[in-house]
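# Per-entry structural report
Listed here are the chains, written in short residue letters.
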Amino acid sequence: MARAKLKKSPSDSNAHRKTIPPLATTEDVPGVSPLLPTRRLGSVGSELGHRPHNEDFSMDSSLSQVQVEFYVNENTFKERLKLFFIKNQRSSLRIRLFNFSLKLLTCLLYIVRVLLDDPQRIGCWECEKHNYTNFNQSSTEINWAPILWVDRNKPLWAIQVSVAIISFLETMLLIYLSYKGNIWEQIFRVSFILEMINTVPFIITIFWPRLRNLFIPVFLNCWLAKYALENMINDLHRAIQRTQSAMFNQVLILICTLLCLVFTGTCGIQHLERAGENLSLFKSFYFCIVTFSTVGYGDVTPKIWPSQLLVVIMICVALVVLPLQFEELVYLWMERQKSGGNYSRHRAQTEKHVVLCVSSLKIDLLMDFLNEFYAHPRLQDYYVVILCPTEMDIQVRRVLQIPLWSQRVIYLQGSALKDQDLMRAKMDNGEACFILSSRNEVDRTAADHQTILRAWAVKDFAPNCPLYVQILKPENKFHVKFADHVVCEEECKYAMLALNCVCPATSTLITLLVHTSRGQEGQESPEQWQRMYGRCSGNEVYHIRMGDSKFFMEYDGKSFTYASFHAHKKYGVCLIGVRREDNKSILLNPGPRHIMSASDTCFYINITKEENSAFIFKQEEKQKKKGFSGKGIYDGPSRLPVHSIIASMGTVAMDLQNTECRPANNSKLTLPAENGSGKRRPSIGPVLEVADSSSLLPCDMLSDQSEDEMTQSDDEGLTVMEYVKGYPPNSPYIGSSPTLCHLLPVKAPFCCLRLDKGCKHNSYEDAKAYGFKNKLIIVSAETAGNGLYNFIVPLRAYYRSRKELNPIVLLLDNKPDHHFLEAICCFPMVYYMEGSIDNLDSLLQCGIIYADNLVVVDKESTMSAEEDYMADAKTIVNVQTMFRLFPSLSIITELTHPSNMRFMQFRAKDSYSLALSRLEKKERENGSNLAFMFRLPFAAGRVFSISMLDTLLYQSFVKDYMITITRLLLGLDTTPGSGYLCAMKITEDDLWIRSYGRLFQKLCSSSAEIPIGIYRTESHMFSTTDPHDIRTQSQISINVEDCEDTKEVKDHWNTKTSHHRNSCPSDQTEHPLLRRKSMQWARRLSRKGANKQPAKTAVWINQQRLSLYRRSERQELSELVKNRMKHLGLPTTGYDEMNDHQNTLSYVLINPPPDTRLELNDIVYLIRPDPLAHVENETHSRKGNSGKRDPCTPETRDETQL
């Protein structure tokens, strides 16, 4: 209720009120601008809905204002007392603390009275005292005088009476304030009864002095102290607005209960035994401890039946009270095990920790995070706090019980949207917060919305905590733009899959770069390729300031290309990028015009960082004694030089070659003789210290290309001239990086984008009718999401040659919407078609027989599998079917779970695949983070899982530049002056270069390109028999060549096999003829050697039967495909069922040593400089040479024709 008062009114600090002067203008009201229109404030009575009486306003006109007080509570004496003693948290806390101290004081006074008690002076006050110390055990009578009377001196009595009066008054006041109509409920409360027992007798002794020595069980106040402590803790939590864990409260209550039981038993037995053996207080305490602990020595026992009865009562109470307390404690402990408890504030202030927020925690996600996070030496002392709303999984619980993780990983069940849970995780003290999306959700947009809310909640609670956010859909990325690091899954996924089509195994290259590895995988394998592949997989991206680097310090003032080449030649490190001190942009291969400065930050690829390297310089004389002749110092089976052999941990010893820089004016780089002969290898031009404009012309791709392409043939000129360069006019989502692309001058109508249906503009209904010059790229996806836009952009980037653009066909399960069609209608040769990969007709209509690459994107609808790892089942089976139907097709598949890649291109009885499976298990047991790297589909770049890129977000905690470099490599971001990733193929004409180091020099000196790795393909025999059968098969194949019928084909076969052992010829149309001939040779051989080698003949016959079975199966598949093509009206000439790549294996070598031998069909990964970086500065040079062909344009390809 509100009550109006005059200016002088009683003040109450605890009554919340608000004062408003009524009938005042805006000038009188503080905080209201006098410029506003004058408005009178309403009266108090009118605001409350009550009409004020006239006499309330009959005041003296001299009073300028009336002060009105609004009371939140009733302004009565009882309400004010209730507010002070009960409702107000802080004052109530003080009252309860005072009450708790008072009860402890009474217990302490009781102990003092016992210690000062004289058994020889027992009796009432001012009465004759008697001695009752002699106890007769044979007597059954009990002397009750020592039990009823005690010796209490006057000062002690006065203190106890004062305390009793205070306690009595406080109790009665609280009874009065908490009275709610039922007085008996208040009277029969246990706490009230105990208060009356311990206070009323003392008050009576004031008026009846003879009772001052009467025994009063003051020790029972310990139970009231326990009750006051419980209330005090509750008030404390309310006052400070913080909650301790229920576990702490329950443990405290249990401890207090035990103390009260022991204290009550000790005091009770000691007092009752005054009529018996007269035990001391310590012996009574000893007896209680022995009894309650169920030890029961029996040396101290109660002698009279009252004390014995008390022991029985106390044991019964303990048997009732303690199990209830323990049950509550165990329940809370189990709940705490589920929720995870708290991360202590003291540990958060003294130790470093990061927080991992996820929707649901799976064992694969956890192990990927922990293995990658703790792979860095400086993160070994960090704690990982996992905040997850779901209960801990059984597998996760089992892993977190391992001592390696149990001491460093803390699981908290809670939500990031609750401040209490964020406080439990001590988010404000965290070094970083990783927020991961749940990619197993069917509705990925809903998963992103949850991630966005978590990011907002964390940013609101702890604005200074660095955020590392993972987003699934690119259209949701701008909502978390405030985060320090953001990784968009679909952006990276589609860009990586697109580059896989033009740069093979880009997904494997990026995955190996963003994983932490020691380079020790596969070193115990007998296979040469596994040792090289495993060693080179240890290369990662590192950074160092140039002025502090021994790798690059000597190249201050030199060009970037010069520094990159000589650092690789001398130290075996690959310099790929640089960042100026005054510029935050990272430039990949800025080109020879970039002059290195001591303040630059260098980004390089190496086995380990420079800080973990020790430099061992060798003298030139020692090298001459060893016969140094240009080959690698290390001549072991893996052909790796010493300067690339890196220890698994700790310091790295690097053996440095004596590389003297040749003078810049030499036109040729003279190299030592090879194998001691006088013949010299072809020389390569030196890499200049400073770029010479006359030797390196600018690459203006905006103008010169159009002129060059006008000279093409007539059949290509019309289509090529239709393309222009520009930025896509329509972006499907906010936040996409603008990329200069090949575009159509006029947007294509939506009807023309449909591949399988004609329209009024054209009548083409299949891929064959379009007559594409280049092979198709087919993408199979469920829906046309915005991420698919990032698949098209890298394949239509301006630095791709126009005549090398591959047509893109989107095979979609669902029809795309108009927004997506509006975004892609400006790109040339981009079509879509409704269909699925499990429908053979759809595959044939979209032109799969004219395609080089088929990209199969994981479908969201398969995420709802009952078993998590079954989410890829449909995709794997469909891809296996296409692998059997179209063996020559390169199928790039995305899987949800990396462990399922072992089922890609599955061969049940392939002994080599079984050996790789055993190798994977062995590497996993050795603690490798890349145990799956030796699986052939992954090594060849045929399979990819987006979960492999989770480590990109984890690595950014230590390497904040990794996301930027990855996006530049994938073409998602385009920074002016920064290069791009591309590839070149080593042909027979290029084998004169011989080694990777010479290739590095040739590329740097001619086109300023930086090679970073090799994609190598080797021929391999996959056998389904044991090793003995393999040897037998090889012997038979040798004998076959001696037959006379082979003469007509032998020369051709020798020419095919005279290539390098790793050659993989692209044209294998002659294989069916060879197989038919081999059947004839095998029959004649079996007739000739039947009597000589019956065992070998039996093995050979079995193998031939197996080959006939396989051939008949392929014939059936071929007939099936051709019949469907005829039914659809498609020509069958392009289908060749026998042309496959099943007898090859491919792998990636990142930053191989300089002396690595180049082999035929090697594909070299290059970082090519930005063609538009210096167009404006070199316009006059370009115009002066307009009549000449620009050597840097992709059409001429001078930089790749070695």
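Residues numbered from 1 in each chain as written. Predicted model: local features only at pLDDT ≥ 70, side-chain atom pairs only at ≥ 80, totals over all residues. Heavy atoms only, no water.

## Focus on the sheet that holds strand β9 (residues 540-545)
Ordered in space as β9-β12-β10-β11, the 4 strands form an open sheet in which the pairing is antiparallel. Of all strands in the sheet, those bounded by a partner on one side alone are β9 and β11 (587-588). Relative to strand β12 (residues 601-606), β9 runs antiparallel, the two sharing 6 bridges. By the bridge assignment, R545 is partnered in β12 with T601. (Pairing = 2+ DSSP bridges. Helix = DSSP H or I, 4+ residues; strand = E, 2+ residues; numbered from the N terminus.)

## Some details on the sheet that holds strand β19 (residues 830-834)
Here we have 6 strands laid out as an open sheet, ordered β19-β18-β17-β20-β21-β22, and parallel in their pairing. The open sheet terminates on both sides in strands that have one partner only, identified here as β19 and β22 (943-945). Here the strands of the sheet are splayed against their neighbours by 20° on average, with no regard to which way each runs. In this structure, strand β20 (residues 851-856) lies alongside strand β21 (residues 890-895), joined through 4 bridges in parallel fashion. Bridged to N853 within β21 is S890. Contacts from helix α18 (residues 489-502) reach β17 (776-781), β20, β21 and β22, with the element oriented near 165° to β21. Of the strands in this sheet, β20 and β21 touch helix α29 (residues 873-885), which is tilted by about 175° from β21. (Axes fitted to C-alpha atoms, helices over the stretch in contact; angles between N-to-C directions. Contact = heavy atoms within 4.5 Å.)

## Concerning empty space enclosed by the protein
Overall, the coordinates contain 17 cavities of 30 Å³ or more when judged by the stated rule. When its volume is computed, the second largest cavity comes out at roughly 170 Å³. What lines the second largest cavity is a set of 19 residues, among which E490, K493, V857, D858 and E860 lie closest to the centre. Considered class by class, the residues forming the lining of the second largest cavity number 5 nonpolar, 3 polar and 11 charged. (1 Å grid on protein atoms, 1.4 Å probe; cavity = no way out; pocket = protein on both sides within 12 Å on 5 of 7 lines; lining within 4 Å. Points joined across faces, edges and corners; volume = space filled by probe spheres on them. Nonpolar A, V, L, I, M, F, W, Y, C, P; charged D, E, K, R; others polar.)

## Quick look at the packing of aromatic side chains
According to the stated counting rule, one finds 36 aromatic pairs in the structure shown. Three or more aromatic residues joined by ring pairs form one cluster here, namely F369, F373, Y374, Y382, W405, F434, Y468, Y954 and F957. Over the aromatic face of W157 sits the side chain of R212, whose NZ or CZ is 4.0 Å from the ring centroid. Of note, R408 hangs over the ring of Y374, and the distance from its end group to the ring centre comes to 3.9 Å. (Phe/Tyr/Trp six-rings, centres within 6.5 Å; stacked < 30°, edge-to-face > 60°. Lys NZ or Arg CZ within 6 Å of the ring centre and 35° of its normal.)

## Regarding a nonpolar patch on the surface
On the surface, W144, L148, W305, L309, V312, I313 and V317 cluster together into a nonpolar patch covering about 650 Å² of accessible area. Here the nonpolar patch takes 5 residues from helix α11 (residues 305-339), the largest share from any one element. A relative accessible area of 45% places L148 in the partly exposed class. (Patch = residues over 30% accessible without salt bridge, like charges linked within 9 Å, V, L, I, M, F, W, Y side chains within 5 Å. Areas by Shrake-Rupley, 256 points an atom, 1.4 Å probe, with all protein chains shown as cover. Salt bridge = Lys/Arg side-chain N within 4 Å of Asp/Glu carboxyl O. Buried < 20%, exposed > 50% of the residue type's maximum accessible area, 1.4 Å probe, protein only.)

## Topic: the nonpolar core
Nonpolar side chains tend to gather and get buried jointly when the protein is soluble and globular. Counting 202 residues, the largest nonpolar core has F373, F434, F552, F791, F827, I848 and F886 as its most contacted members. With 8 residues, α18 is the largest single contributor of residues to this core. Setting aside residues up to four positions removed in sequence, F827 forms contacts with P728, C741, H742, L743, L744, Y789, I792, V793 and R796. Core analysis: the second largest hydrophobic core is formed by 26 residues, L387, I410, A425 and V458 among them. (Core = buried A, V, L, I, M, F, W, Y, C linked by side-chain atoms within 4.5 Å.)

## Details of the side chain of E273
In this fold, E273 is placed in the loop between α9 (246-272) and α10 (281-292). For the buried E273, no salt bridge exists, and the shortest N-O distance to an oppositely charged side chain is 7.2 Å, to K303. If sequence neighbours within four positions are ignored, E273 has contacts with N278, L279, P302, K303, I304 and S307. (Lys, Arg positive; Asp, Glu negative; His and termini not counted.)

## Observations concerning the pairing of strand β24 (residues 1010-1019)
In terms of residue burial, β24 counts as a mostly covered element, since 9 of its 10 residues are buried. Both β24 and strand β26 (residues 1163-1168) contribute to a ladder of 5 bridges, which runs antiparallel. Looking across to β26, one finds that P1011 is bridged to L1166. Here β24 runs beside strand β25 (residues 1144-1150); their pairing, made up of 7 bridges, is antiparallel.

## Focus: the confidence of the model for the protein chain
With 71% of its residues at a pLDDT of at least 70, the protein chain reaches an overall mean of 75. In the model, residues 1-61 has pLDDT below 50 throughout and makes 68 contacts with residues more than four positions away in sequence or in other chains. When the criterion is pLDDT under 50, residues 1024-1092 qualifies, and its contacts beyond four places in sequence or with other chains add up to 68 contacts. (pLDDT = per-residue confidence, 0-100.)

## So, the packing of helix α5 (residues 154-177) against helix α7 (residues 190-207)
The interhelical angle for the contact between α5 and α7, taken along N-to-C directions, is 130°, at an axis separation of 8 Å. Taken together, α5 and α7 sit at an angle that is classed as oblique. Judged by the sense of rotation from one axis to the other, the crossing of α5 with α7 is left-handed. Every residue of α7 that contacts α5 at W157, Q160, V161, A164, I165, S167, F168, T171, M172 and I175 is listed here: F192, E195, M196, N198, T199, V200, F202, I203, T205 and I206. Looking at the contact of α5 with α7 residue by residue, the class counts come to 13 nonpolar, 6 polar and 1 charged. (Parallel < 35°, antiparallel > 145°, perpendicular 65-115°, else oblique. Left-handed = near helix turned anticlockwise from the far one by under 90°.)

## What about the packing of helix α2 (residues 77-87) against helix α3 (residues 89-115)?
Between α2 and α3, whose axes approach to 6 Å, the crossing angle comes to 70°. Taken together, α2 and α3 sit at an angle that is classed as roughly perpendicular. Taking contact as the criterion, the partners of L83, F84, F85, I86 and K87 in α2 are, on α3, Q89, S91, S92 and I95. Split into classes, the residues belonging to the contact of α2 with α3 amount to 5 nonpolar, 3 polar and 1 charged.

## Regarding the pairing of strand β4 (residues 383-388)
The element β4 is largely enclosed, with a buried count of 6 among its 6 residues. The alternating pattern of β4 places Y383, V385 and L387 and V384, I386 and C388 on opposite faces, both of which are buried. Examined bridge by bridge, strand β3 (residues 353-357) and β4 share 5 bridges and lie parallel to one another. Within β4, the residue paired with C357 across the bridge is L387. Both β4 and strand β5 (residues 409-413) contribute to a ladder of 5 bridges, which runs parallel. Note on β5: the bridge partner recorded for I386 is Y411.

## Some points on unusual backbone geometry
With phi around 60°, A505 is a residue other than glycine that occupies positive phi space. Turning to its location among the elements, A505 is positioned in the loop between α18 and α19 (506-514). Taking the relative accessible area as the measure of exposure, A505 reaches 2% and is therefore buried. The phi angle at N589 is positive, at roughly 45°, despite the residue not being glycine. As for its placement among the helices and strands, N589 is situated in the loop between β11 and β12. Relative accessible area serves as the criterion here: at 0%, N589 is assigned to the buried category.

## Observations regarding helix α34 (residues 996-1006)
Among the 11 residues of α34, 8 are classified as buried, and the element is accordingly described as predominantly covered. For α34, every residue scored as buried is listed here: Y996, G997, R998, L999, F1000, Q1001, L1003 and C1004. Directly beyond the C-terminal end of α34, a positive phi value near 60° is found at A1008.

## Description of the environment of N583
Along the chain, N583 turns up in the loop between β10 (574-579) and β11. Looking at N583, the relative accessible area reads 38%, which means it is partly exposed. Sequence separation between N583 and D600 is 17 residues; the distance between their C-alpha atoms is 9.7 Å. Of note is the side chain of N583, whose polar atom sits 3.2 Å from the backbone nitrogen of S585. (Polar contact = N/O pair within 3.5 Å; in protein donor to acceptor, adjacent residues only side chain to side chain.)

## A closer look at the pattern of salt bridges
The final tally for this structure, using the stated rule, is 25 salt bridges. R444 is paired through a salt bridge with E489; the nearest N and O atoms lie 2.4 Å apart. Taken together, the residues R444 in helix α17 (residues 444-461) and E489 in helix α18 connect sequence positions 45 residues apart. The exposure class of E489 is buried, given its relative accessible area of 3%.

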